[in-house]
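One letter stands for each residue in the lines below.
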Amino acid sequence: MTPVAKAHWQIHLCVLLWGFTAILGKLITLPALPLVWWRMLLVAAVLMLVPRVWRGLRAMPPRLLLAYTGVGALVALHWLTFYGAVKLANASVAATCMALATVFVALIEPLVARSRFSWRELALGVAVLPGVALVVGGIPDGMRIGVAVGALSAVFVACFGSLNKRLVERADPLTVTALELGAGTLTLTLLAPLMPLLFPAFAGSLLVLPGLQDGGYLLLLAFACTLFPFALSLVALRHMSAFAAQLAVNLEPVYAIALAILLLGEQHELSARFYVGVAIILAAVLLYPLLARPRRITHAENLAAGEAKRITD
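Rules of the game
Residues numbered from 1 in each chain as written. Predicted model: local features only at pLDDT ≥ 70, side-chain atom pairs only at ≥ 80, totals over all residues. Heavy atoms only, no water. Axes fitted to C-alpha atoms, helices over the stretch in contact; angles between N-to-C directions. Helix = DSSP H or I, 4+ residues; strand = E, 2+ residues; numbered from the N terminus. Parallel < 35°, antiparallel > 145°, perpendicular 65-115°, else oblique. Left-handed = near helix turned anticlockwise from the far one by under 90°. Contact = heavy atoms within 4.5 Å. Nonpolar A, V, L, I, M, F, W, Y, C, P; charged D, E, K, R; others polar. Buried < 20%, exposed > 50% of the residue type's maximum accessible area, 1.4 Å probe, protein only. Salt bridge = Lys/Arg side-chain N within 4 Å of Asp/Glu carboxyl O. Core = buried A, V, L, I, M, F, W, Y, C linked by side-chain atoms within 4.5 Å.

Caption draft 1: Broad picture of the packing of helix H6 (residues 101–112) against helix H7 (residues 119–127). Direction vectors running N to C along H6 and H7 enclose 160 degrees, while the axes themselves pass 7 Å from each other. Classified by the angle their axes make, H6 and H7 are roughly antiparallel. Relative to H7, the crossing made by H6 is left-handed. Each of Thr102, Val103, Ala106 and Leu107 in H6 lies in contact with H7, whose residues at this interface are Glu121, Leu122, Gly125 and Val126. Considered class by class, the residues forming the contact of H6 with H7 number five nonpolar, two polar and one charged.

Caption draft 2: Structural view of the side chain of histidine 78. Relative to the helices and strands, histidine 78 resides in helix H4 (residues 62–88). Residue classification places histidine 78 among the buried positions, given a relative accessible area of 7%. Among all residues touching histidine 78, those that are not within four sequence positions of it are Met98, Ser153, Phe156, Val157 and Phe160.

Caption draft 3: Structural context of the pattern of salt bridges. Using the criterion set out here, one finds two salt bridges in the structure. The salt bridge involving arginine 52 is made with aspartate 172; its shortest N-O contact spans 2.4 Å. Of this pair, arginine 52 sits in helix H3 (residues 51–59) while aspartate 172 is found in the loop between helix H9 (144–167) and helix H10 (173–191), placing the two residues 120 residues apart along the sequence. Residue aspartate 141 is joined to arginine 144 by a salt bridge in which the shortest nitrogen-to-oxygen separation is 3.3 Å. Owing to a relative accessible area of 60%, aspartate 141 belongs among the exposed residues under this scheme. Exposure remark for arginine 144: the relative accessible area of 35% places this residue in the partly exposed category.

Caption draft 4: Up close: the nonpolar core. Formed by 88 residues in total, the largest nonpolar core has its most connected members in Tyr83 and Val93. Per-element tally for this core: the top contributor is H4, with 12 residues. In contact with valine 93, not counting residues within four places along its chain, are Ile139, Met143, Val147, Leu270 and Phe274. Within the second largest apolar cluster, six residues are counted, among which are Cys14, Val15, Trp18 and Leu232.

Following this line, the structure appears as structure tokens:
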């Protein structure tokens, strides 16, 4: 298997696991702020116990350390608004809003990652918009604010995805994960006192321990749906563009919607128009590999061996 093909399999495994995040966000009774704070804190705390992470942090230049810290703040804002959308609408709607990120990535990645602007990628991103419009038209009026918050979350994911693409080859993926999630935890801690004034719907105490059921769901969210796929996605980004990765992430609503139907019964809240919109989004995802030019890799066997070593380490 070539490094590019392996990267696509890796990112799709990440997407499958991320499909559970919206479901768990709906099942957890905590408000959005403490939910995300606990999610990031648990992962960052465990990673800080790994010697490899400390070695990577000591070897990292201060300027790069600061850059990853900024990316971590964007990750925190993305998750905060994503789970805010879950609470304000439902799991299916919040996950579907992430498809808007394809348009934002097509515009942002050439500026941030210094890659060539592609009209084809922008056109594929824009092709997703009718699907999103149908999704919005297929939900109750009371959930529309959740769509707006979900769209803001898509902006944040486009920003940190493009920045990670530019920085991903400069440090160990596990170290980057620890640093970004640790920085995100600090960002949310600083925002907590202001949250009742800025976004009351997201606010909640960080000092109250979750109940037994919420605690179990948080552990699943933190480790099975955050730690493993977050680090693996950074490995995959070494061999694919942020735009290609984001189009794969557009499959997340499909997984999330199927899980929401099975576990939460959300099909009763959504109309046929919603599912037509999701079908359009899926069509754009499947069209991209047919139109994208294959990326030529020199000495692919060396890259594959190096990647395998990073994972086993």
